[in-house]
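Architecture at a glance
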Amino acid sequence: MTIHEILASFKTKRILVIGDVMIDAYMLGKVHRVSPEAPVPIVSLESQEQRLGGAANVALNLQSLGATPILCALVGADKQGKILQELLSEQKMSCAGIVESTNRVTTVKTRVIGNNQQLLRIDAEDTHALNQEEEQLFLNSVKKVLETEQIDAIIFEDYNKGLLTPNVIEGIIKLSKEHGIPTTVDPKKDNFLAYKGVTLFKPNLKELKEGVGIDCSFQKKELFDQAVHLLEEKLGNEITFVTLSEHGVYIKDKTKKYHTPAHIRNIADVSGAGDTVISVATLCLTAELSIESIAELSNLAGGLVCEKSGVVSIEPDQLIQECEGKQFD
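Rules used in this analysis
Residues numbered from 1 in each chain as written. Predicted model: local features only at pLDDT ≥ 70, side-chain atom pairs only at ≥ 80, totals over all residues. Heavy atoms only, no water. Pairing = 2+ DSSP bridges. Helix = DSSP H or I, 4+ residues; strand = E, 2+ residues; numbered from the N terminus. Contact = heavy atoms within 4.5 Å. Axes fitted to C-alpha atoms, helices over the stretch in contact; angles between N-to-C directions. Buried < 20%, exposed > 50% of the residue type's maximum accessible area, 1.4 Å probe, protein only. Right-handed = clockwise from strand over helix to strand, strands pointing away. 1 Å grid on protein atoms, 1.4 Å probe; cavity = no way out; pocket = protein on both sides within 12 Å on 5 of 7 lines; lining within 4 Å. Points joined across faces, edges and corners; volume = space filled by probe spheres on them. Nonpolar A, V, L, I, M, F, W, Y, C, P; charged D, E, K, R; others polar. Phe/Tyr/Trp six-rings, centres within 6.5 Å; stacked < 30°, edge-to-face > 60°. Lys NZ or Arg CZ within 6 Å of the ring centre and 35° of its normal.

**What about the sheet that holds strand β1 (residues 14-19)?**
The strands that make up a sheet are held in pairs by hydrogen bonds between backbone atoms, and each pair lies either parallel or antiparallel. The sheet built from 9 strands is open, its strands ordered β5-β4-β1-β8-β9-β10-β11-β12-β13 with mixed pairing. In this open sheet, the two edge strands, each paired with only one partner strand, are β5 (98-101) and β13 (257-260). Of the strand pairs in this sheet, strand β12 (residues 249-252) and β13 are connected by 4 bridges, and their pairing is antiparallel. What sits directly across from V249, in β13, is T260. Lying over the sheet, helix α4 (residues 132-148) contacts β1, β4 (68-76), β5 and β8 (153-157), oriented at roughly 165° with respect to β4.

Laid out in structure tokens, this is it:
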């Protein structure tokens, strides 16, 4: 398949994104001097922005690639929660899967950017796990979506903010199997081994090491292979996809494994790269591409968004430009 054919196939896909949503707020300006009060830069504020972040950024990546994302998430019953839903509406995304809770605040990550460099981040959030009532309320919301919408895949986007509890994870995986829907996971350390029976599991190297308790590196192949084997033994997942930062990505299924190195890039900001990778990998999976093609396209997309400051979505034209003339299977 050509990149044009792959992108055309993405336009028919409807992907359910389940995970922690947040507002990515930016304070942007220039730095000309250091404060006389403390050894810190003074940022002359020029503009402020609020963008969709976390699992919502995964939805933005899917939308940018032509797919239809359906977002299921929990926000606070607060001003920021309303703003987040307004941001979704502005992007023409449904808020039907958004559940409000009076027990938590909506997560807001504020990044202070000076001269195109991130100088400071301030997080306002609650990270306690959902209570039993909230779990049931959220599972009912997901169940309703699965019963009323045609869904081609489910993405779990875990940011350790308390939504994806073991009960929620287990309940949604069970529902996905009942509906015959593939599942992909972008995990975090908490509940790392709760995603039993998923289709594709995508940790980064640090998460893999912490999750299975083996201090490995990609250069130490024996230990790395041992960590992947232990992960698959515990999860029973079909595909393991490990992002390796400057060493590219590694992917493995039941019959083969494949590594593709990182492309040389002018890295401006790695924020949100994992969101892009899981989005592209999931769409490639639904398009029934090989694991080699999943790795190549996801690795390429993740690198491209790192060239821009802040959390941004992949642009199809960038992929077309990089992949023109190549064939994928």
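That was the structure; now back to the text.
**Some thoughts on the pairing of β4**
Consecutive side chains along a regular strand alternate between the two faces of the sheet. In terms of burial, β4 is largely enclosed, as 8 of its 9 residues are buried. As paired elements, β1 and β4 share 5 bridges and run parallel to each other. Within the sheet, the bridge partner assigned to I15 lies in β4 and is P69. In terms of strand pairing, β4 meets β5 through 4 bridges, oriented parallel. Bridge assignment links L74 to a residue of β5, and that residue is V99. Read from β4 through helix α3 (residues 79-90) to β5, the crossover connection turns out right-handed.

**With respect to helix α10 (residues 316-323)**
Listing the buried residues of α10 in full gives Q318, L319, I320 and C323. One or two positions beyond α10, positive phi appears at G325, with a value near 90°.

**What to know about the layout of surface pockets**
Space left empty within the atom packing is revealed by a probe, the size of a water molecule, rolled over the atoms. Looking at the second largest pocket, its volume works out to about 150 Å³. As for the second largest pocket, its lining consists of I70, S94, A96, G97, S141, K144, V145, T148 and E149. With 4 residues, α4 is the largest single contributor of residues to the lining of the second largest pocket. Residues of the lining of the second largest pocket, tallied by class, amount to 3 nonpolar, 4 polar and 2 charged.

**Here we look at the sheet that holds strand β2 (residues 21-34)**
A sheet is described by the order of its strands in space; here 4 strands give the open sequence β3-β2-β6-β7, paired in mixed fashion. Strands with a single pairing partner mark the edges of an open sheet, and in this sheet they are β3 (41-54) and β7 (117-124). In this sheet, neighbouring strand axes are inclined to one another by 20° on average, regardless of whether the strands run parallel or antiparallel. One ladder, built from 7 bridges, connects strand β6 (residues 108-114) with β7; its direction is antiparallel. Considered in β7, the bridge of R111 is made with R121. Contacts from helix α2 (residues 55-64) reach β2 and β3, with the element oriented near 75° to β3.

**Topic: the packing of aromatic side chains**
This model, assessed by the stated rule, comprises 6 aromatic pairs. Ring centres of Y195 and F201 lie 6.1 Å apart, and the angle between their planes is 50°; on these two criteria the pair is classed as tilted. Neither residue differs from the other here; Y195 and F201 are each classed as buried. Relative to F224, the ring of F218 has its centre 5.1 Å away and its plane inclined at 85°; by these criteria the two rings are edge-to-face. Just as F218 is buried, F224 falls in that class too. Put simply, the rings of F156, F192, Y195 and F201 pair up and form one aromatic cluster. It is R51 that lies over the ring of Y26; its NZ or CZ is 4.2 Å from the centre. Between the NZ or CZ atom of K188 and the centre of the ring of Y159, over which it lies, the distance is 4.8 Å.

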